[in-house]
Amino acid sequence: MPVFIPSSIAEATLLLSKHPDAHLLTGGTDMMVEVNFNHRHPKTVISLRKIPEFQQWNVDQVTGLVHIGSSVPYATMEHGDLAQALPALAEAARTVGSPQIRAAGSLGGNLGTCSPAGDSLPVLSALEAMVHLQSDSFSRSIPFAEFMVGPKRNSRQANEIIAGVSIPITNGWQGYAKVGVRNAMVISVASVCLAIHDDKVRVSLGSVGPTIIRCTESENWINSIGLANVDNALAKEFGAHVRAESRPIDDHRSTAEYRRHAVGVLATRLLLRGVQK
Ligand SMILES: Cc1cc2nc3c(=O)[nH]c(=O)nc-3n(C[C@H](O)[C@H](O)[C@H](O)COP(=O)(O)OP(=O)(O)OC[C@H]3O[C@@H](n4cnc5c(N)ncnc54)[C@H](O)[C@@H]3O)c2cc1C
């Protein structure tokens, strides 16, 4: 099996155009599990780890944008300037797998797999990230909301590589919380990202629907009341609105009923943390 290790974007996109059935590899923490379980049989692999642009990130306070290359590992998002600019992403990154998984796993891979349980995805949704895609002939950027189209389905074309994401910095509090069957090394059974920008709340849910769910009804409800009026009772009511927008199913990890309950509790807690009451 040929494994190509390009060292530039141009080389990688050209290789993909010549080998349209090639499997793209970043950290391999999803892909190698599938190979090991005999669920995936790549004939050709293009490894993206040696492309410098995909490993870069920057926080631009002038444009108010954070750019994160698709190969940047979770370990980099957990601390330092990235964590300061995007605390919700840092919280999500800290919950991913083990230190070994966080050293290898990337946003490009989380977006490539596009599981509703992917921990970075509710954050990219609530923070209104743009996903940058690159082929050998053109590049395009689309909102995360248009990128994820179903469970493990995204709108990436076969000749495109996820180059990175751009995430606007919010001017208010942001946080992420998840529930799993234990405290660590766990895929979420329910997750919530809540962000406040210009005194308005945004909230997105993971693991409780076929895609990440942006709770626009709940947002409109709480934003029409105003954050200054949030108290324990109102936060609980907000949780009920969020619960009503979830669309969970029963599966091997949890029941729909528990998931619905969990997102309501998480949303209530995050809102109270956000307004510090
Ligand atoms: C033990 C263990 C624990 C885990 N825990 C968590 C967890 O808590 N939370 C969580 O969200 N995930 C978890 N995962 C899943 C995985 O670590 C993440 O989804 C991670 O983000 C995948 O990134 P990667 O770079 O390893 O992707 P890879 O495995 O390299 O790729 C994943 C998919 O994306 C495609 N892809 C990769 N890069 C690109 C690109 N640049 N452009 C287009 N397509 C691309 C690949 O072809 C493949 O289909 C866990 C995995 C393991 C093995």
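Peer 1: Help me understand the pairing of strand E12 (residues 190-197), please; the structure alone is not making it clear to me.
Peer 2: Within a regular strand, the side chains alternate between the two sheet faces. Counting buried positions along E12 yields seven of eight residues, so the element is predominantly enclosed. Strand direction decides the pairing type here: strand E11 (residues 174-179) and E12, joined by six bridges, are antiparallel. By the bridge assignment for E12, Ala177 is matched with Val192. Of the pairings in the sheet, the one linking E12 to strand E13 (residues 200-206) comprises seven bridges and is antiparallel in character. Looking across to E13, one finds that Ser191 is bridged to Gly206. Hairpin connection between E12 and E13: a loop of two residues separates the two successive antiparallel strands, and Asp198 in this loop has a positive phi of roughly 50°.

Peer 1: Looking at this structure, I do not really get the domain arrangement of the protein. What am I missing?
Peer 2: Reports often express the size of an interface as the amount of accessible area lost when the parts come together. Considered domain by domain, the protein is made up of domain 1 (3-168) and domain 2 (174-275). Using only C-alpha atoms to locate each centre, domain 1 and domain 2 end up separated by 24 Å. At the junction of the two partners, domain 1 supplies 25 residues and domain 2 supplies 22 residues. Summing both sides of the interface, domain 1 and domain 2 together bury roughly 1800 Å²; the carbon and sulfur share of this comes to 57%. Taken together, the links from domain 1 to domain 2 amount to four salt bridges. A salt bridge links Asp119 to Lys178; the shortest N-O distance between them is 2.7 Å. Applying the counting rule to domain 1 against domain 2 returns 11 residue pairs in polar contact (both at pLDDT 80 or more). Among the secondary structure elements, those contributing two or more residues to the side of domain 1 that touches domain 2 are helix H5 (87-95), helix H8 (121-126) and strand E8 (148-150). Per-element tally for the side of domain 1 that touches domain 2: the top contributor is H5, with six residues.

Peer 1: I keep staring at helix H11 (residues 232-245) and nothing clicks. Help me out?
Peer 2: An α-helical turn contains 3.6 residues, so any two residues separated by three or four positions project in the same direction. With 14 residues, H11 extends 20 Å between its outermost C-alpha atoms, agreeing within 8% with the 20 Å of an ideal straight helix rising 1.5 Å per residue. Of all the residues in H11, the buried ones are Leu234, Ala235, Phe238, Gly239, His241, Val242 and Glu245. Across the axial projection of H11, the buried residues extend over an arc of 160°, all falling on one side. Exposed residues pointing more than 90 degrees away from the buried face of H11 are listed as Asn232, Ala233, Lys236 and Ala244. Where H11 is buried, its residues touch E12, E13, strand E14 (213-214), helix H10 (216-225) and helix H12 (256-275).

Peer 1: What is the right way to look at the pattern of salt bridges in this model?
Peer 2: Pairs may arise between side chains of opposite charge once their charged atoms sit close together. Inspection of every chain in the model, using the stated rule, returns nine salt bridges. For the salt bridge of Arg202 with Glu128, the shortest nitrogen-to-oxygen distance reads 3.8 Å. Pair noted here: Arg202 is in strand E13 and Glu128 is in the loop between H8 and strand E6 (130-134), with a separation of 74 residues, a long-range link. By relative accessible area, which is 13% here, Arg202 ends up buried. The class of Glu128 is partly exposed, set by a relative accessible area of 40%. Among the salt bridges present, the one from Arg259 reaches Asp251, with a minimum N-O distance of 3.1 Å. Taking relative accessible area as the criterion, Asp251 reaches 32% and is therefore assigned partly exposed. Residues joined by salt bridges that share partners form a network here, namely Glu128, Arg202, Arg214 and Glu219.

What counts, and at which threshold
All residue numbers refer to positions counted from 1 along the written sequence of the respective chain. Two thresholds apply to this predicted model, a pLDDT of at least 70 for residue-level local features and 80 or more for giving and counting side-chain atom pairs, whereas whole-chain, interface and lining totals are computed over all residues. Side-chain metrics in this entry use all non-hydrogen atoms of the structure; hydrogen atoms and water are not considered. To sort residues, take the accessible area from a 1.4 Å probe on protein chains only and compare it with the maximum for the residue type: under 20% means buried, over 50% means exposed, and anything in between is partly exposed. Strands here are runs of E lasting at least two residues and helices are runs of H or I lasting at least four, both read from the DSSP assignment and numbered beginning at the N terminus. Should DSSP find at least two bridges between two strands, the strands are regarded as paired. Each domain span listed reflects an automatic or database assignment of domains. When checking whether two residues touch, look at their non-hydrogen atoms; a contact exists if any pair is within 4.5 Å. Buried area is understood as the total, over both parts, of accessible area removed when two parts are fitted together, assessed with a 1.4 Å probe. Here, a salt bridge means any side-chain nitrogen of Lys or Arg that lies within 4 Å of a carboxyl oxygen of Asp or Glu. In protein, a polar contact requires one atom able to donate a hydrogen and another able to accept it; more generally it is a pair of N or O atoms within 3.5 Å, and residues adjacent in sequence count only if both atoms are side-chain atoms. Working rule for helices: expected span equals 1.5 Å times residues minus one. The arc in question is the one traced by the directions running from the helix axis out to the C-beta atoms.

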